[in-house]
Amino acid sequence: MNYENLYSSLSLIQPEITISVFLLLIVVADLIFDKNKALIPFLALAGLIIASVQVILQVTNTGYAFPFSDVYLSRKGMVTVDAFGAFFKLIIIISSFILVYFSYVSDEIKKSEKNLGEYYALIFGMILGMFFLSSASDLILIYVALELLSLSSYVLAGFSKLRTRNSEASLKYLIYGATSSGLMLFGISIFYGLSGTTNLYEINTFLASHQINHLTLSFASILIFAGIGYKISSVPFHFWTPDVYEGAPISITAYLSVASKAAGFALLVRFIKSAFVTSDDSLGYWEILSVFDWHSLLILVSILTMTLGNLTALWQNNIKRMLAYSSIAHAGYMLLGVAVLSNQGLVAVLIYFFFYLFMNLGAFFIVMLIANKTGSEEIDDYNGLGYTSPFLGVALTLFMVALIGLPPTAGFIGKLYLFIALVDAQMITVAIIALLNTVIALYYYIRVLKHMFLTKSTVETQTVSVIRPNIIFIIFMLAPVLIFGVYFGPVVDFAKRCVQILGL
Amino acid sequence: MEGFPIISLITFIPVIGMLVILFLPKEKVQNIKITALAATLIQLVLSVILMANYNYSAGGIFEESSFQFIDKFRWINIEGLSWIGTVKIDYFMGVDGISMPMVLLTSIISVIACISSWNISKSLKGYFALFLLLDTGMMGVFVSLDFFLFYVFWELMLLPMYFLIGIWGGPRKEYAAIKFFLYTLLGSIFILIVMLGLYFSAMEILPDGQRVFTFNILTMMDQSNYTQDGILSPFNPNNWRMLAYIALFIGFAIKIPMFPFHTWLPDAHVEAPTPISVILAGVLLKMGTYGILRISYPIFPDITRELAWYIALFGAVNIIYGAFVALAQKDFKKLIAYSSVSHMGYVLLGMASLTTAGINGAILQMFNHGTITAMLFLIVGVVYDRAHTRGLNDFGGLASQMPVYTGFVTVAFFAAIGLPSLSGFISEALVFIGAFHVESIRVITIISTLGILLGAGYMLWAMQRVFFGKLNEKWSGLQDLEMREYIMFIPLTIIIILLGVYPSLMLDVMNTSVNTLVDFVSTNFTNISLGGL
Amino acid sequence: MLTEFGKIFIFILLAVVFVPLIVYVAKFIRPARPTKEKLKIYECGENPEGSPWIKFNIRFYVIALIFLIFDVEVVLLFPWALTYQDFGFYGFMVGIIFLLILGLGMAYEWRKGDLEWERPKPIPPILDDEPPAENEELKEESLTI
């Protein structure tokens, strides 16, 4: 065994190590300062800051960790550290920062302050799982990371225990999660049986050089897609989403809708790219092995996902449920970017995700502020909010407009790049279906605005003022949504740097 | 005027006004109103300055050098990699003979609508902020020469309009607002998809010799800029140009609104508050026809020639259908709304003729319809403010009660009918002259003239029901016009009469550009196979 | 010719058929002499009492979990013990870190009182599913969130 390898490998997974160390520190701090939990959020922040610096360094500092050079000539390993993974880790880190503030403000979390240590420890467990998911290139590691992420999120979904819906969310999440990760494990075992390896790069080499039964392989691929599809809540693995999103504490709902989805997308793209793609052509299209028709599967799933998500969202009266279905629809749009199977499509997905992070978390934050005060998440209770609290009303309007994808907000740029990729790939029909979906989506987002501004409240209301830190935080979330809507060059540039997946 | 970004200033002065309003406290009602009025007035003054400095002999349309008051700089500049092209988007604005009348129209109507908004009392701050944002959106559409910029402005208008109808509108405001929003967004997505298709078909040559895809509308007009295999490239034997043209046309037609897509208009008009109806009819409808002239015609001249007959047909349907439906209305505002549908049909008919006279008439009709219908909606607003009803049959004999008002009404109604010496006559006559000249649509034109007859019918009938006959005792307390209303009516009346007796004032502005456009459409993009469809 | 997957399919098919078949066959060949004792539920010789569907004390699960954790520890420590000398000090430290993390888990349980059988009576969380119809705070002059 080669020690150099081990040391260089460890230096490549620095962010993961930092997160693990801080996970332990949080538990220790929780044990030592049993009575006073005020320190823990700051400890979490410190860990996130260190990890974020290390992640940013990963954009340029790339390589393979834990290679098995003894066995094969290839230097490819279990963990692939590249700019692509770093981008998603950055998304996860940013949403974690936001989550810390979320939890700090959230009433639901405040009521269970006794368990704050466990809360942050579990969140760090999630982060660790997501980090590994975004850079794992070995099926076993992928599975372990997925389970780490899932187990932490099951507990977090039922964390506040203030309502019966909470436990329902947790249990539903667990049952669906167990089923789909079981399916995924079955898929992994078939892959292992076929190729004799769990490493994605070796599977790629194997698939390219051997004749294999396409039926078996398709079956296994679909099984693995079931596990991933569950994480990104694509149809038909989306059934848990509305119930879990509605039942879980809002901070966790928001986090699940962005961070855990990001990890799922990172995994999906890396799995397809590393195991099935042989090379990029000069225009950035992937030369995909003809063993499995990912293109058709992804198009079908994405169209179903966005259409079903949008159509179901139309009938929701609970805003968290509505946002849950809208997040299913957004997953559909992003899957479409993957379905193009080109670097352009990938750029679109990255850009979309970056903007989606701000607009979705921003919308959830305002929903949480309102729920903190009124205890209600029904859209009907938003009547007249635009007059009692103009700031919240306008901010939520802007987030909703961004989620619809109207210019001049960042949401439009995300959609624009997606459609650019689709049109470039001559997938016009699909693009039109996606665009028609945008029109459907308009209706339910606008409904919230209608209730805030157009419908007068029946009960007497009075002005609601927002404390300054919350105003600053909302402005901080709004700024990227508006600024990148008119000047998106830097984000696109950055996303373009980050689509390079190692290993071709 | 060199170096002074007058076009950008005209476009963005309302946004500056909006920001000022947002920082004013809610209680300072008067200051808010004055700020809004000041912003629109400055816009008007700048537009007049623009007009005064306008060079009548420059053609515009497809040549950047003959556009005037150009503001252009690189807005987005993303360097490409081997697999992804460089993305360059220009901030590119300028005017030519087609957009100049529209710029003037927008600024006039904005000032009038702003004055007309004086009586709004509910959430004044929000109202004027949204109003000014809407103004910027409209103005931006008329001056943008980059498709991306055009689209951003096009969409920018939707949200303010939704709120303006939805918050300050009538009893069925929520329905009307969402219907407007859904319809126009549906139209926009067609425009978006064609925009992206064009983006991947036309390439601009940068000064350093690099060829990049572009959103520049002028570049898309030049056949030599198209790639060999772009989906909307005329060189591609399997191109989608016909489909793209239809999609783009539907996108614009929803805004006009053209016959099967017009159902949002009566709802929106009836529910919107008076100033917003004025904006809607005065400016927004023109954006559809303007878009066709600015984008569809020069970018797809081949398909335009192919489909001109159908455009004329839809124009005729609009004229006749709108007129018949207007005849059946009992609501004053709905009557005006359907008369708009009918009058926009003339614009379509004139455009479809592809002759100088016809297109001149169409653009002049856009301008005239803007001013006349704005006045008609103000007229409805005046009577609605006083009587709180709009039923045509509820009134009668108002002429004796409100003589001055009736005077203005007569001018506006006769202008809408197309009485000679009022502006509506000139433009309708030009449209018919142009359209009659073209053999293929002659029959359609002849049938369309029926619209004038019907127009006279519903207008005069409405006039008779409201203003003549015996005075309904209920309305004996109605006051005649007040100062603020004079300020709105007099300028519009002057414009209507002035353009009726001296139309060259406006025709000279557009003539060179229209000639260029007609020439461009009838000669360019020849020898193109229309494969694919 | 069967594909690889076809063989698996036949195997699955066989498995599905086999179980009911054997049960059915057994029914024919076994002698059937039921007594009262035989018909009772078999529970390690004890006489069953009451329904087996009762709630077990949650502490049994906690103990089982702790047991499981240290069970897994053994799985890792055996192979580690065989080879750690090849890795020198580094390999030794890996094992120590692993044990420290496990120890932290132990400390956590201890500190949280999960090892004490006699725990103070836990207070069930108060559910606030139904937000009060008349929110008291809403009556105040202005709200701050």
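Residues numbered from 1 in each chain as written. Chains lettered and ligands numbered in written order. Predicted model: local features only at pLDDT ≥ 70, side-chain atom pairs only at ≥ 80, totals over all residues.

Visitor: Would you mind going over the overall build of chain B with me for this structure?
Guide: Each helix and strand counted, chain B has 21 helices and four strands in total. For 533 residues, the compact-globule formula gives about 24 Å, and the C-alpha radius of gyration of chain B, at 23 Å, lands near that figure. Dimensions along the principal axes, computed over C-alpha positions, put chain B at roughly 80 × 60 × 40 Å. Here chain B holds 533 residues, and the buried ones make up 60% of them. (Helix = DSSP H or I, 4+ residues; strand = E, 2+ residues; numbered from the N terminus. Rg over C-alpha atoms; globule rule 2.2 N^0.38 Å. Buried ≥ 20, exposed ≤ 12 C-beta atoms within 10 Å, placed from the backbone.)

Visitor: When you look at the overall build of chain C in this model, what are you seeing that I'm missing?
Guide: Counting its regular elements, chain C contains three helices and one strand. Counting from the amino terminus, helix and strand elements in chain C follow one another as α-α-α-β.

Visitor: I keep staring at the interface of chain A and chain B and nothing clicks. Help me out?
Guide: Accessible area lost upon the coming together of the parts is a frequently used measure of interface size. Facing the 32 residues of chain A at the interface are 30 residues of chain B. Elements with a minimum of two residues in the side of chain A that touches chain B: helix H15 (343–374), helix H18 (410–424), helix H19 (428–454) and helix H21 (489–497) of chain A. In terms of residue class, the side of chain A that touches chain B is built from 20 nonpolar, seven polar and five charged. (Contact = placed C-beta atoms within 7 Å. Nonpolar A, V, L, I, M, F, W, Y, C, P; charged D, E, K, R; others polar.)

Visitor: Would you mind showing me how to read the nonpolar core here?
Guide: Nonpolar side chains tend to gather and get buried jointly when the protein is soluble and globular. Residue and element names in this part refer to chain A. If you look at the biggest cluster of nonpolar residues, it comprises 406 residues, and the most contacted ones within it are Leu-133, Leu-350, Ile-351, Phe-353 and Phe-355. Sorting elements by how many residues they give to this core places H15 first, with 24 residues. Shared between two domains, this core holds at least three residues of each, these being domain 1 (1–292) and domain 2 (300–504). (Core = buried A, V, L, I, M, F, W, Y, C linked by C-beta atoms within 7 Å. Domains from an automatic or database assignment.)

Visitor: Would you explain the arrangement of the chains in this entry?
Guide: Ranking by contact count across two pairs of chains in contact places chains A and B at the top. Taking C-alpha atoms only, the smallest gap left between chain B and chain C, which are not in contact, amounts to 18 Å.

Visitor: How should I be thinking about helix H6 (residues 158–168) of chain B in this particular structure?
Guide: Spacing of three or four residues puts side chains on the same side of an α-helix, whose turn is 3.6 residues. With 11 of 11 residues buried, H6 of chain B lies mostly within the body of the structure. By the burial criterion, the buried members of H6 of chain B are Leu-158, Leu-159, Pro-160, Met-161, Tyr-162, Phe-163, Leu-164, Ile-165, Gly-166, Ile-167 and Trp-168 of chain B.

Visitor: When you look at unusual backbone geometry in this model, what are you seeing that I'm missing?
Guide: Across residues other than glycine, the phi torsion is negative in most instances, and most of the peptide bonds are trans. Cis geometry marks the peptide bond from Val-235 of chain A to Pro-236 of chain A; its omega dihedral reads 0°. By the secondary structure assignment, Pro-236 of chain A is in the loop between helix H10 (214–231) and helix H11 (240–247). Note that the residue after Ile-256 of chain B, namely Pro-257 of chain B, is joined by a cis bond; omega there is -5°. Its place among the elements puts Pro-257 of chain B in the loop between helix H9 (241–255) and helix H10 (264–271). Positive phi values are uncommon outside glycine, yet Ser-233 of chain A reaches one of about 50°. Take Ser-233 of chain A: it is sitting in the loop between H10 and H11. In this model, Leu-341 of chain A sits at a positive phi of 55°, which is unusual for a non-glycine residue.

Visitor: Any chance you could explain the packing of H15 of chain A against H21 of chain A here in plain terms?
Guide: The description of two helices packed together rests on the angle between their axes and the distance between the axes. All names here are of chain A. Contact geometry for H15 and H21: axes closest at 9 Å, N-to-C directions at 130°. As summarised for this structure, H15 and H21 are arranged oblique, according to the angle between their axes. Handedness of the H15/H21 crossing: right-handed. In this structure, H15 uses Val-347, Leu-350, Ile-351 and Phe-354 to contact H21, whose residues at the interface are Val-491, Val-492, Ala-495 and Lys-496. In terms of residue class, the contact of H15 with H21 is made up of seven nonpolar, no polar and one charged. (Axes fitted to C-alpha atoms, helices over the stretch in contact; angles between N-to-C directions. Parallel < 35°, antiparallel > 145°, perpendicular 65-115°, else oblique. Left-handed = near helix turned anticlockwise from the far one by under 90°.)

Visitor: What should I look at first to understand the pairing of strand S2 (residues 87–95) of chain B in this one?
Guide: Where a strand is regular, its side chains alternate between the two sheet faces. Residues and elements named next belong to chain B. Across the nine residues of S2, seven count as buried, placing the element largely inside the fold. Note: strand S1 (residues 68–78) against S2, eight bridges, orientation antiparallel. In the strand pairing of S2, Ile-78 is matched with Val-87. (Pairing = 2+ DSSP bridges.)

Visitor: Can you walk me through the packing of helix H3 (residues 39–58) of chain A against helix H6 (residues 116–135) of chain A in this structure?
Guide: Residue and element names in this part refer to chain A. Their axes nearest at 10 Å, the elements H3 and H6 cross at an angle of 15°. Classified by the interaxial angle, the pair formed by H3 and H6 is roughly parallel. Crossing hand, H3 versus H6: right-handed. Of the residues in H6, those touching H3 at Ile-40, Ala-44 and Gly-47 are Leu-116, Gly-117, Tyr-120 and Phe-124. Residues belonging to the contact of H3 with H6 are distributed by class as follows: five nonpolar, two polar and no charged.

Visitor: Any chance you could explain the environment of Asn-360 of chain B here in plain terms?
Guide: Examined against the element boundaries, Asn-360 of chain B turns out to sit in helix H14 (residues 356–387). Through-space distance from the C-alpha of Asn-360 of chain B to that of Phe-23 of chain B is 44 Å; in sequence the pair is 337 residues apart.

Visitor: What should I look at first to understand the confidence of the model for chain C in this one?
Guide: All names here are of chain C. Looking at chain C, pLDDT values average 77 and 79% of them are 70 or higher. Confidence, read as mean pLDDT per element, is least for strand S1 (residues 143–144) in chain C (55) and greatest for helix H1 (residues 4–29) (90). Here residues 132–141 is a poorly scored stretch, pLDDT under 50, and it has four contacts once near neighbours within four places are set aside; other chains count. The ipTM value of the predicted complex is 0.90, and its pTM value is 0.89. (pLDDT = per-residue confidence, 0-100.)

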